[in-house]
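# Coordinate inspection notes
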Amino acid sequence: MKKRVISIILSAAMLVGMTAGNTVFVSAEEGDDYTVGMTLNLGNLTWAELAEAAKAHGEELGMTVTVQNSNDDATTQVSQIENFIQAGVDAIIVAAVESNSVEDVCKEAQDAGIKVIAYTQVIENSDAEYLVDAYNTGYACGERAAEWINEVYGDEEVEWALEDLPKYPEIIDRANGIKDAIEELAPNAVLVATQPAEVMEDGQKNAENFMQSNPDIKVICSIGSGGGAGANEGVKSYISEDEYDTFGIFGIDATEQEIMNIINGDPQKASVSLGGGAAHGETLIDIADNFRNGVEQEKDQYMPITVIDSSNAQEYYDEQYAK
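Throughout what follows, the structure given in this document is the object of discussion. Being a predicted model, the structure only gives us computed values, none of them experimental.

### Considerations on the overall build of the chain
- Counting secondary structure elements, the chain contains 11 helices and 13 strands.
- Sorting the 323 residues of the chain into buried and exposed places 55% on the buried side.
- Long-range contacts, defined as pairs at least 24 residues apart, comprise 74% of the intrachain contacts of the chain with a sequence gap of at least 6.
- Approximately 13,500 Å² of the chain is accessible, and the part contributed by carbon and sulfur atoms is 45%.

Now the structure itself:
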C-alpha cells in the first residue's frame, strides 16, 4: 500500500462539502493508513446509522473513513466523489442519488486506481456492489402485511396505501413486490393511494394526507424506514390508542425507531430487516478491507431478508441496538 499524506487535501475537500451545505462526518489523520470516502444521503435513518458504524469499524481496522452527506442531490454527489479522487483515497463507497450521474466520475476514480463500492444502487463502473434483492424484499413486506390483513379483517374489504420512491429503479422493484404480495395473498385489500417517501418527514406528511383523503385506510406499506417510521407518527395523530390494534404499518430496514414502534404496540406492526444500518456499514468497510488485503470476493453481494414483528422484535432489538 503506497503512502499518502492526506490531511491537507481532505481538509480542502471537506471545506468544499460544507460550503455546499453538506453535513460532514470525519475520522481523518495524517499518515499512511487506508483511506475510504463515503457519499450518501444522511437524511435516511438507516444510512445515518450506517455512517456511524462505518467510521467506528474503519477505525478498528486502521482506516481513515470520511463521510459526506449527498443531501439527495446528484450534482453535489459528483463533486464529493471528485473531491475524494483529488484527496487520493483508496476506496469510495457510493449510495448513488442517480446511478447514471455518477458513472463517469466513478470511472475516473477507477482509472486513478481507486476501488469503487456501490451501495444499494447498481453502478456499472464499480468494483463491488452491496445490493438489495429488491423484489423479494418488497414481497416479504407485502406478505407480512397480507397476513396481518387476513388475521385482523378476514374477508372484509380493506383500503391500503403505499409509500414508494419511483426515482430509483431498484425501489420500483421493491414497491412491485409489496403490491404483488398483497394482491396475491389478501385479494380483499384495495390500494387507494400512493405517495413517494424517503425520509421520516415524507412518511409523516404522507400518512396525514392519506388519512384526510381516505379516512377508511387501515394499512400503510413503505419501501423504507423513513416512510414507515414517519407514517407511524402521522397515523397516531389521527387515531386513538384503542385503534392501534386495527391499523397496520409495514416498513423496510428495521431501524431502531421502527423496532421500538413494534415493541411499544404502535400502529407499526412489522419491518423487513436487511441486516440493519450498522451491519451494512461494517460490511461495506469489510469489502474495502478485502480490497486492501487482496482478498478475492464476489462483485455483487446481497443483503439478508428477515421480517421483524412482535414475535421477534425484542430479540432483534437486544441483538442490534441494546447498549
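### Topic: the packing of helix α5 (residues 134–153) against helix α6 (residues 169–185)
- Two elements in contact, α5 and α6, have axes whose closest approach is 6 Å; the angle formed by their N-to-C orientations is 30 degrees. Put simply, α5 runs roughly parallel to α6. Once α5 is placed against α6, the crossing between them reads as right-handed. On α6, the residues touching Ala134, Tyr135, Thr137, Gly138, Tyr139, Cys141, Gly142, Glu143, Ala145, Ala146 and Asn150 of α5 are Glu170, Asp173, Arg174, Asn176, Gly177, Ile178, Asp180, Ala181, Ile182, Glu184 and Leu185.

### A word on the pairing of strand β9 (residues 217–222)
- Taken across its six residues, β9 has five buried, putting it largely inside the fold.
- When strand β7 (residues 158–164) meets β9, the two strands line up parallel, connected through five bridges. Note on β9: the bridge partner recorded for Glu163 is Ser222.
- Summarising the sheet, β9 and strand β10 (residues 248–252) pair through three bridges and their orientation is parallel. Paired with Val219 across the two strands is Gly248, which belongs to β10.
- You can see the chain leave β9, run along helix α8 (residues 225–236) and come back into β10, and the turn it takes is right-handed.

### Describing the environment of Gly37
- Inspection of the secondary structure puts Gly37 in strand β2 (residues 34–40).
- Between the C-alpha atoms of Gly37 and Ala87, which are 50 residues apart in sequence, the distance is 9.3 Å.
- Those residues in contact with Gly37 that lie beyond four places of it in its chain are Thr66, Phe84, Val89, Ala91, Ile92 and Ile93.

### Describing the side chain of Gln268
- Along the chain, Gln268 falls in strand β11 (residues 268–273).
- Within the structure, the side chain of Gln268 is placed 3.5 Å from the backbone oxygen of Ala270, a separation counted as a polar contact.
- Setting aside residues up to four positions removed in sequence, Gln268 forms contacts with Gly228, Ala229, Asn232, Ile249, Gly251, Glu258, Asn261 and Ile262.

### Points about the environment of Ser311
- Along the chain, the position of Ser311 falls in the loop between β13 (306–309) and α11 (313–320).
- Spatially, the C-alpha atoms of Ser311 and Ala270 are 9.7 Å apart, while their sequence positions differ by 41 residues.
- Among the polar contacts made by the side chain of Ser311, one reaches the side chain of Asp309 at a distance of 2.5 Å.

### Brief notes about the pairing of β2
- In terms of burial, β2 is a largely internal element, seven of the seven residues being buried.
- Of the two faces of β2, the one holding Tyr34, Val36, Met38 and Leu40 and the one holding Thr35, Gly37 and Thr39 are both buried throughout.
- Across seven bridges, β2 lies against strand β3 (residues 63–69) in parallel orientation. Counterpart to Met38 in the pairing with β3 is Val67.
- Sheet topology places β2 next to strand β4 (residues 91–94); four bridges connect them, and they run parallel. Bridge pairing in β4 places Val36 opposite Ala91.

### Focus: the pattern of salt bridges
- Taken as a whole and assessed by the stated rule, the structure comprises nine salt bridges.
- Two residues, Lys236 and Asp266, come together in a salt bridge whose shortest N-O distance is 3.2 Å. Note that Lys236 is positioned in helix α8 and Asp266 in the loop between α9 (256–263) and β11, a separation of 30 residues in sequence.
- With a shortest N-O distance of 2.7 Å, Arg292 and Asp289 are connected by a salt bridge. Of this pair, Arg292 and Asp289 both sit in helix α10 (residues 277–293), three residues apart, roughly one helical turn.
- Judged by its relative accessible area of 13%, Asp289 is buried.
- Linked through salt bridges whose partners overlap, the residues forming this network are Arg144, Glu147, Glu151 and Asp309.

About the thresholds
Residues numbered from 1 in each chain as written. Predicted model: local features only at pLDDT ≥ 70, side-chain atom pairs only at ≥ 80, totals over all residues. Heavy atoms only, no water. Helix = DSSP H or I, 4+ residues; strand = E, 2+ residues; numbered from the N terminus. Buried < 20%, exposed > 50% of the residue type's maximum accessible area, 1.4 Å probe, protein only. Contact = heavy atoms within 4.5 Å. Areas by Shrake-Rupley, 256 points an atom, 1.4 Å probe, with all protein chains shown as cover. Axes fitted to C-alpha atoms, helices over the stretch in contact; angles between N-to-C directions. Parallel < 35°, antiparallel > 145°, perpendicular 65-115°, else oblique. Left-handed = near helix turned anticlockwise from the far one by under 90°. Pairing = 2+ DSSP bridges. Right-handed = clockwise from strand over helix to strand, strands pointing away. Polar contact = N/O pair within 3.5 Å; in protein donor to acceptor, adjacent residues only side chain to side chain. Salt bridge = Lys/Arg side-chain N within 4 Å of Asp/Glu carboxyl O.

Remember, this is a structural readout, not a statement about activity or role.
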